[in-house]
Amino acid sequence: MQTERKGRPMTGAPIGTGEHGLHKSLSKAQITMMGLGGAIGTGLFLGSGIAIGYAGPAVILSYLIAGFIAVVMVFSLSEMAVAHPAAGSFGIYAETYINPWAGFMVRLTYWMSQVIAVGGEAVAAGVYMTYWFPDVPVWLWSLSFALLLLYINSRSVGNFGTVEYWFALIKVVAILVFIVLGASTILGIGQPATGTANLTGLPGGFMPHGWWGVWMGVIIGIFSFTGIELIAVTSGETADPKTAIPAALRTMAVRLILFYVLALAIVVSYVPWTETGAKVITQSPFVKIFAHSGIRQAAGIMNFVVVSAALSSMNTNIYLSSRMLFSLSRGGYAPAFLGRLSSNGTPVGAILLSGASILLAASVSALTPLAYNYLFGIALFGSISVWITILVSHIGFRRHHDGAPLPVKMPLFPYLQLSGLALLIAILVTMGLDTDFWNIAWIVGVPWMLLVTLAYFLWARKPQVAAA
């Protein structure tokens, strides 16, 4: 079928064919673990401390609301990813079903948010390392970890998938063990029960800061779930995307909600929320819990796990950022060297440019102790903008395929999509009104959008865009 879309024709060629050359070496098991690895990072192990500070024990509700939004987004994305497997993923879908500016904006904004997020993860990893090496500056660890993971990403995608599989497996197993041991302690299985008095027995009860605190906790929850969209990006390098993508997305969404909600329920039940919650985080609340347990070396083991979690998330986000630049280049919207592949099928130019930007973001840790919070807020602005674009693209996708059979079809369309859009827009507005540090998202995000728009109109006039 040949139709027209704003700014550029949609031809009969499959969407994303310009991104040929990537090696299709990722298995279903690898992309599932990669998705979990991308979404289980410092948002849970470090950022959850900020969420607990806002919401208290009601942080459980915050993460349930964030999980609902994530499920709506990820099921909408899975429909499009199965129909159009491509590394540019939601960038190509936005270009096709909204307009070319939206495709350019969402790919470049996602690249920016992932670069900033990796910088934030690097800062978090450096903070974790001070548990063992308090005299070594955070910035030194941050830069060292960033360089190591850039090297791993420059290797073949199969090697990257293997490394990320084991990184992710460490933290998934650790969370499961944490949930089992924590539940046994709280319920008194084989030992005296500690009970759930900490959920309601402290001043303010279950919801010490009311619904506003719960809502502010949703901001952290959304950041915690970012990375779940990774699986759609891997569709261009997956051996059997029509089978692997929808299965991985469905199971991963359910697992993530269970992991986050159960793990945080144990955190706020086992230790008073006043001890694990804070606006400026210097230690993971999970490590604090094991320090309370009295089990020798338990806190050190958990700290190793959260370091692994940060490195895993960094590894995944470097992959994501490089594929967005690759997609922009192949679409004619970025210099050609970013779209070139090495002999092992990796876009080395895109990885190196992303890496230089990541090192710059990570170096912010040398300037302020609030580096993690600021990077967190800027990255979240970009991620929420991307999720909004995905949902709008999906509405356009459904209209285009109205009545056509689809391999994966989300129920309750468009009501769930509209609900997700309303919640995401409300979160962005809330961040803009907060004067503690979340308004940094708007202070940086709005000029970024204006700059991207200017870049689009300047670059779109170049001959290579028309040729692409």
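A short tour of the structure in this document, coming up. (Residues numbered from 1 in each chain as written. Predicted model: local features only at pLDDT ≥ 70, side-chain atom pairs only at ≥ 80, totals over all residues. Heavy atoms only, no water.)

## Section: the nonpolar core
Test applied: Only buried Ala, Val, Leu, Ile, Met, Phe, Trp, Tyr and Cys residues count toward a nonpolar core, and they belong to the same one when joined by side-chain atoms within 4.5 Å. Each residue's exposure class comes from its accessible area (1.4 Å probe, protein chains only) as a fraction of the maximum for that residue type: buried when under 20%, exposed when over 50%, partly exposed otherwise. To qualify as a helix, a DSSP run of H or I must reach at least 4 residues; to qualify as a strand, a run of E must reach at least 2; elements of each kind are numbered from the N terminus. We call two residues contacting when some pair of their heavy atoms lies within 4.5 Å.
Ranked by internal contacts, the top residues of the largest apolar core, which has 144 residues, are Phe-45, Phe-90, Ile-222 and Trp-387. Among the elements that make up this core, the one with the highest residue count is helix α6 (residues 100-129) (19 residues). Setting aside its immediate chain neighbours within four residues, Ile-222 contacts Ala-66, Ile-69, Leu-380, Ile-384, Trp-387, Leu-424 and Ile-427.

## Considerations on helix α5 (residues 89-97)
The buried count for α5 comes to 9 of 9 residues, which makes it a mostly enclosed element. What α5 keeps buried is the set Ser-89, Phe-90, Gly-91, Ile-92, Tyr-93, Ala-94, Glu-95, Thr-96 and Tyr-97.

## Thoughts on the packing of aromatic side chains
In plain terms, the rule: Classification of ring pairs uses Phe, Tyr and Trp, with its six-membered ring standing for Trp, and accepts pairs whose centres are within 6.5 Å; under 30 degrees between planes counts as stacked, over 60 as edge-to-face, and the remaining range as tilted. As a reminder, the over-ring test applies to NZ of lysine and CZ of arginine, requiring each to be within 6 Å of the ring centre and within 35 degrees of the ring normal.
Going through the model one piece at a time under the given rule, you end up with 11 aromatic pairs. When the centroid spacing of 5.6 Å and the interplanar angle of 20 degrees are considered together, the rings of Tyr-63 and Tyr-260 count as stacked. One end of the pair, Tyr-63, is in helix α4 (residues 59-83); the other, Tyr-260, is in helix α12 (residues 241-270), and 197 residues separate them in sequence. Here Tyr-63 matches Tyr-260 in class, with each residue buried. Clustering of aromatic rings is evident, with ring pairs tying together Tyr-63, Phe-225 and Tyr-260. Positioned above the aromatic ring of Phe-413, the side-chain terminus of Arg-398 is 4.6 Å from the ring centre.

## Considerations on the pattern of salt bridges
The test is simple: Whenever Lys or Arg places a side-chain nitrogen within 4 Å of a carboxyl oxygen from Asp or Glu, that contact is recorded as a salt bridge.
Summed over the entire model, instances satisfying the criterion amount to 2 salt bridges. Notably, a salt bridge pairs Glu-79 with Arg-398, separated by 2.8 Å at the nearest N-O pair. With Glu-79 in helix α4 and Arg-398 in helix α17 (residues 371-400), the pair connects residues that are 319 residues apart, well separated along the chain. Here the two residues Glu-79 and Arg-398 agree in accessibility, since each one is buried.

## Regarding the environment of Val-364
Inspection of the secondary structure puts Val-364 in the loop between α16 (348-362) and α17. Note: C-alpha distance between Val-364 and Leu-375 (11 residues apart in sequence) is 8.5 Å.

## Description of a nonpolar patch on the surface
Put simply, the test is: What goes into a patch is any residue over 30% in relative accessible area without a salt bridge, connected to like charges within 9 Å or, for nonpolar side chains (Val, Leu, Ile, Met, Phe, Trp, Tyr), within 5 Å. Methods summary: accessible areas were calculated by the Shrake-Rupley approach with a probe of 1.4 Å, and residue burial reflects only the protein chains presented.
A contiguous nonpolar surface patch, about 470 Å² in accessible area, is contributed by Tyr-131, Trp-132, Phe-133, Ile-170 and Phe-304. Among the secondary structure elements, Ile-170 is positioned in helix α8 (residues 157-187). Judged by relative accessible area, which is 32%, Ile-170 ranks as partly exposed.

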